[in-house]
Amino acid sequence: VNRLVLTRVSTASADQRAGRAGRTAPGICYRLWDAGDALLASTPAEICDADLTPCALQLALWGDVRGAGLPWLDAPCEQRLEASAELLQVWG
C-alpha cells in the first residue's frame, strides 16, 4: 500500500533548493527547522523506501523478477524485492 511519509529534508536537498530559489528569482529562502537540528547529509535513494511491487511486476514481464544483471544505480534490497514478487504471486 502506498502512503505519504513525511521526513526531514537532507542537508544536500536543502542546499539545492536554496540555490534553485536564488537562481530563479531574487528572494529569500526560509528554512522551517531549528538551526541545531541534525539533518542527514544526503537523501537515501528512493528505491530503498519505495514499494517495489510495480518494479517486480515489470521485471517479471521481462522474464526475471530479480532483475539479475541489470546495472542498477542503487540496487533494490533483495528481501524487499523478493517480498514484492511473493505478493504478486499471491495476487495471481
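Going by the structure above, here's the rest.
Chemist: Account for helix H3 (residues 78–91), with residues named and values stated.
Modeler: Compared with the 20 Å implied by 1.5 Å per residue over 14 residues, the 20 Å span of H3 between its first and last C-alpha is a close match. Along H3, the residues classified as buried are Leu81, Ser84, Ala85 and Leu88. Projected onto a plane normal to the axis of H3, the buried residues spread over an arc of 100 degrees and lie on a single side. Of the exposed residues in H3, those oriented more than 90 degrees away from the buried face are Gln79, Gln89 and Val90.

Chemist: Summarise the nonpolar core; cite the residues concerned and give the values.
Modeler: Judged by nonpolar contacts, Ile47, Leu52, Ala56, Leu59, Val65, Leu81, Ala85 and Leu88 together constitute the single largest core of eight residues. Of the residues forming this core, the biggest block, three residues, is contributed by H3. In contact with Leu59, not counting residues within four places along its chain, are Asp64, Val65, Arg66, Gly67, Leu70, Trp72 and Leu81.

Chemist: Tell me what's going on with the pattern of salt bridges, and back it up with residues and numbers.
Modeler: All chains considered together, the criterion is met by three salt bridges. Arg31 is the salt-bridge partner of Asp15, the closest N and O atoms lying 3.4 Å from each other. Linking Asp15 in helix H1 (residues 11–24) with Arg31 in the loop between H1 and helix H2 (53–62), this pair joins segments that are 16 residues apart in sequence. With relative accessibility at 39%, the residue Arg31 sits in the partly exposed group. Residues Arg66 and Glu82 are paired through a salt bridge, measuring 2.9 Å at the closest nitrogen-oxygen approach. Taken together, the residues span a long stretch of sequence, with Arg66 in the loop between H2 and H3 and Glu82 in helix H3 at a distance of 16 residues. Judged by its relative accessible area of 28%, Glu82 falls in the partly exposed class.

Chemist: Can you lay out a nonpolar patch on the surface for me, pointing to particular residues and giving the numbers?
Modeler: A contiguous nonpolar patch, built from Leu57, Leu61, Trp62 and Leu70 and spanning about 460 Å² of accessible area, is present on the exposed surface. Summarising the element assignment, Leu61 is placed in helix H2.

Calculation notes
- Position numbers for residues count from 1 along each chain, tracking the sequence in the order it is written.
- Given that the model is predicted, a residue must reach a pLDDT of at least 70 before its local features are reported, and side-chain atom pairs must reach 80 or more before they are shown or counted; all residues, however, enter totals for whole chains, interfaces and linings.
- Each side-chain value is worked out from all heavy atoms of the structure, with water and hydrogens disregarded.
- Think of it this way: any DSSP run of H or I at least four residues long counts as a helix, any run of E at least two long counts as a strand, and we number them from the N terminus.
- Helix span, as expected, comes to 1.5 Å for every residue beyond the first.
- The cut-offs for exposure are 20% and 50% of the maximum accessible area for each residue type, with area from a 1.4 Å probe on protein chains only; residues under the lower value are buried, those over the upper are exposed, and the others partly exposed.
- Directions pointing from the helix axis toward each C-beta atom define the arc.
- Remark: nonpolar core denotes a set of buried residues (Ala, Val, Leu, Ile, Met, Phe, Trp, Tyr, Cys) joined through side-chain atoms within 4.5 Å.
- The contact rule is simple, with two residues in contact once any of their heavy atoms fall within 4.5 Å.
- Salt bridge, as applied in this entry: a Lys or Arg side-chain nitrogen positioned within 4 Å of an Asp or Glu carboxyl oxygen.
- Patch membership is restricted to residues that have no salt bridge and whose relative accessible area is over 30%. Joining uses 9 Å for like charges and 5 Å for the nonpolar side chains Val, Leu, Ile, Met, Phe, Trp and Tyr.
- Per-residue accessibility takes into account occlusion by the displayed protein chains alone, with areas from the Shrake-Rupley method and a 1.4 Å probe.

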